[in-house]
Amino acid sequence: MNPSALIPLIVLVPLAGAAFALAVPHKARAQRGITLGALGLMVLIAATLVWASDVHGTLVMEVGGWAAPFGIALVVDRFAALLLLVSAIVLFAVLTFSIGQGLADGDEETPVSIFFPTYLVLAAGVSEAFIAGDLFNLYVGFEILLVASYVLLTLGGTGPRIRAGVTYIVVSLVSSVLFLVSIALVYGATGTVNMAQLSERIGDLSAGMQLFLNVALLVAFGIKAAIFPLSFWLPDSYPTAPAPVTAVFAGLLTKVGIYAIARTQTLIFPHSSVNELLLWLAGLTLVVGILGAIAQLDIKRLLSFTLVSHIGYLLFGIALNTPLGYAATTYYIVHHIIVQTTLFLVVGLIERHGGSTSLARLGGMLRTAPLVAVLFFIPMLNLGGIPPFSGFIGKLGLFTAAAELGTPGAWWLIGIGALVSLLTLYALARAWSLAFWRPRGEGATPTGVLARLQDAPDAAPQRESRGMPKLMVGSTAGMVVISVLLTVFAGPLVAYSERAGVVLEDADKQTSWYDEHRVDREITGDGSKGDHGAEAPTPTAAPAGGTEDPS
Amino acid sequence: MTVPLILVIAMVVLFACGFTLMLDRGLTRILLGFLLVGNGANLMIFLMSGTFGHAPIAGESTPEEMSDPLPQAFILTSIVITFGVSAFLLALIYRSWRLDREEVDVVSDDAHDLELAQTAGLPLEEFTDAELTESSDFDDDGGDSAAAPVPHDGPQPDGGRR
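Definitions and cut-offs
- Residues numbered from 1 in each chain as written.
- Chains lettered and ligands numbered in written order.
- Predicted model: local features only at pLDDT ≥ 70, side-chain atom pairs only at ≥ 80, totals over all residues.
- Helix = DSSP H or I, 4+ residues; strand = E, 2+ residues; numbered from the N terminus.
- Buried ≥ 20, exposed ≤ 12 C-beta atoms within 10 Å, placed from the backbone.
- Contact = placed C-beta atoms within 7 Å.
- Pairing = 2+ DSSP bridges.
- Expected span 1.5 Å × (residues − 1).
- pLDDT = per-residue confidence, 0-100.
- Axes fitted to C-alpha atoms, helices over the stretch in contact; angles between N-to-C directions.
- Parallel < 35°, antiparallel > 145°, perpendicular 65-115°, else oblique.
- Left-handed = near helix turned anticlockwise from the far one by under 90°.
- Nonpolar A, V, L, I, M, F, W, Y, C, P; charged D, E, K, R; others polar.

Our focus in this paragraph is the overall build of chain A. If you tally the helices and strands in chain A, you get 22 helices and two strands. Per-residue burial over chain A gives 62% buried out of 551 residues. For chain A, the proportion of contacts with a sequence separation of at least 24, taken over those separated by at least 6, is 79%.

What follows is the structure in structure tokens.
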């Protein structure tokens, strides 16, 4: 069987699951079963794709049999396949966590009939973005996952969630419009949105026009990936959502933005001068994010800021624009998705046990919940980059790649990266020692001003400790185990990442499928020249003088 | 390619008005702004189809005379997405309005931001009651209602953003 046939399934399975789950709104058990089944199937499909893309090279599915520049191409290379697999695993783990939470709380917080279908739609959107072979399909993938995330973020419609949701939604809308406008400009300038064809045609544009298109796309993706000047919205909006929702957002949504940046920078603008700018943006994101984290009193906020900060590492690897850099980014992105999600899940446990996520409140949990303390401690060391955990391996890879490049900017970034890794450890260790180590009862009770700010997480009335269902603890522990496995299987994983990095670095390798297909077409006398200007069977009016844009 | 100036002007006006409206605090205005911006983007995609011609239907005219159908497909998709998002925004606005009727439907301040901005220094291990009551920024606000993250008279709406 041709493994390419599996590609559309990774979107279709969750979407079909969402439809079925929506059809049985009052049968919670059936909904859970459908959702678990769909995501389990996704994990299997993604695992097959990882294997197949490694053995057969880049997999391509031309939907409906329409050849590439005219039809929609779905492309999965090693990088995309690995991200699909990690996303599917994370989605599955977080789902079991939320099922555990829902069972324990009697679904008081999550309107069950909406949660599962929306969650599956989010899964479909994330997968769609990863397999998109053209910019417009990428846009549609973004929209699917964003609309699902709007619903998940405002779940229940309580005051704080509506407030946070409005910020998030308005920012996302603006970034979506910018993306759409950028697509329009790209189409106007080149007459195509297919990324493989774009990578051929973009060279014909003037340098200024290329730079303009690159920056336009970068701004749109930068908002989604939460790169420093565009990251202001993230720590505001993520922490108010239910714990599993925050966990899955933190793990996946920003990474989709990073994935889009990696794709455009490697495939469409491989020799862009923007990479130098990206390097500095990476440094700023690292520093500003972690300084924000140190200032926080609320663990969820603290983690949201570390999330922003560590986007800087991913951007760092992309900005290096070397095979090693991309290989390190690939490994780091896997590490970061898993560890960041795990930390947010542990915070969900802390919230249940301690009744609050404020460091001013929590205390003495080492004695009362030793397991949670361990579950927080391991990912904390991991994110802080302590050997032998995967954070260390990922950062070592990034720093090695940077040192190999050896430009002054790269050396600066190594310094900043090392410093930020220590600061991350400081911020998290502070949180750990306050929440777990400090004797109980030392925390301040809100008085005066804080008591007035009822809405603030620090000051909200402390809930009493609730039990932690085995399913929640189990899925969190499972994630911790997976994060440790990233170290145990670092050898094969790094080798895989290196193979992915080699493909990512070379635009020709990414578009080889397109060239092969074109050869086929020319042999069969299809008439498609693939040359610019001389256009083919359908009236794609590629405006030849597209450098003159009305904007 | 040539583009009609009138459409370009219409697009610019849509974008300008739309983004101006989106900068407002009123949620309904944000929605209206989003609709305008969405239409501006659609118009822009349409302009990118280059020279305009006959309807791109097979058999109606020769391919040379047809308009480019692809931007029209893009616009159709984006209209559907805009429609769905607008419906969601309307529901959100209604919910927001239901939550606090006495206030208008505006973007509210982030209480945690306010708190962080107004707390002097980093209150951590030294997070004591005495320190909190000392911070003078707070007393100016007056302690109106306990539950209000946004003071009704809105003394400093930008206070939370540093």
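There's more to say after this.
Here we take up the overall build of chain B. The helix and strand inventory of chain B stands at six helices and zero strands. The helix and strand sequence of chain B, counted from the amino end, reads α-α-α-α-α-α. Considering only intrachain contacts with a sequence separation of at least 6, the fraction spanning at least 24 residues in chain B is 55%.

Quick look at the pairing of strand S2 (residues 73-76) of chain A now. All names here are of chain A. What you see with S2 is no split at all: Ala73 and Val75 on one side and Leu74 and Val76 on the other are buried throughout. Both strand S1 (residues 59-62) and S2 contribute to a ladder of four bridges, which runs antiparallel. Each residue of the ladder has a partner; that of Met61, found in S2, is Leu74.

Right, let's talk about helix H19 (residues 470-488) of chain A for a bit. The end-to-end C-alpha separation of H19 of chain A is 26 Å, in line with the 27 Å expected for 19 residues at 1.5 Å each. What H19 of chain A keeps buried is the set Met472, Val473, Ser475, Thr476, Met479, Val480, Ser483 and Leu486 of chain A.

Right, let's talk about the environment of Val473 of chain A for a bit. Residue and element names in this part refer to chain A. Relative to the elements of secondary structure, Val473 occurs in helix H19. Sequence separation of Val473 and Leu375 is 98 residues, and the distance between their C-alpha atoms is 9.0 Å. Not counting chain neighbours up to four residues away, the residues in contact with Val473 comprise Leu349, Leu371 and Met468.

Residue and element names in this part refer to chain A. A cis geometry characterises the amide bond from Pro387 onward to Pro388, with omega recorded as 5 degrees. Its location among the elements puts Pro388 in the loop between helix H15 (370-384) and helix H16 (390-405). If you check the backbone angles, Ala226 has positive phi at about 60 degrees while not being a glycine. Relative to the elements of secondary structure, Ala226 occurs in the loop between helix H8 (207-225) and helix H9 (234-237).

Residues and elements named next belong to chain B. Of the residues in chain B, 60% reach a pLDDT of 70 or more, and the chain-wide mean stands at 73. Segment residues 122-128 is flagged for pLDDT under 50; beyond a separation of four residues in sequence, or across chains, it makes six contacts in the model. In this model, residues 134-162 is a region of pLDDT below 50 whose contacts with residues beyond four sequence positions or in other chains number 31 contacts.

Before going further, it helps to examine the confidence of the model for chain A. Averaged over all residues, the pLDDT of chain A equals 83, while 87% of them reach at least 70. Averaged over each element, pLDDT in chain A is lowest for helix H18 (residues 448-452) of chain A (44) and highest for helix H5 (residues 135-153) of chain A (92).

It is worth spelling out the packing of H5 of chain A against helix H10 (residues 243-268) of chain A at this point. Residues and elements named next belong to chain A. For the pair H5 and H10, interaxial distance at closest approach is 12 Å and the crossing angle is 160 degrees. Taken together, the axis directions place H5 and H10 in an arrangement best described as roughly antiparallel. Judged by the twist between their axes, the crossing of H5 over H10 is left-handed. The residues of H10 that touch H5, namely those facing Leu138, Leu145, Ser149, Leu152 and Leu153, are Val245, Phe249, Leu253, Val256 and Ala260.

Turning to the packing of helix H6 (residues 159-190) of chain A against helix H3 (residues 69-99) of chain B, a few remarks are in order. Two elements in contact, H6 of chain A and H3 of chain B, have axes separated by 11 Å at closest approach and are oriented at 165 degrees. With respect to H3 of chain B, the element H6 of chain A is oriented roughly antiparallel. The way H6 of chain A lies across H3 of chain B gives a crossing that is left-handed. Contact with H6 of chain A, carried on its side by Gly159, Ile162, Gly165, Val166, Leu173, Leu180 and Tyr187 of chain A, involves Pro71, Ser78, Val85, Leu92, Arg95, Ser96 and Leu99 of chain B of H3 of chain B and no other residues of that element. Residue composition of the contact of H6 of chain A with H3 of chain B, grouped by class: nine nonpolar, four polar and one charged.

This part takes up the environment of Ser96 of chain B. All names here are of chain B. As for its position among the elements, Ser96 is in helix H3. Under the C-beta neighbour-count criterion, Ser96 is labelled buried, with 23 such atoms within 10 Å. Between the alpha carbons of Ser96 and Leu76 there is a distance of 30 Å; along the sequence they are 20 residues apart.

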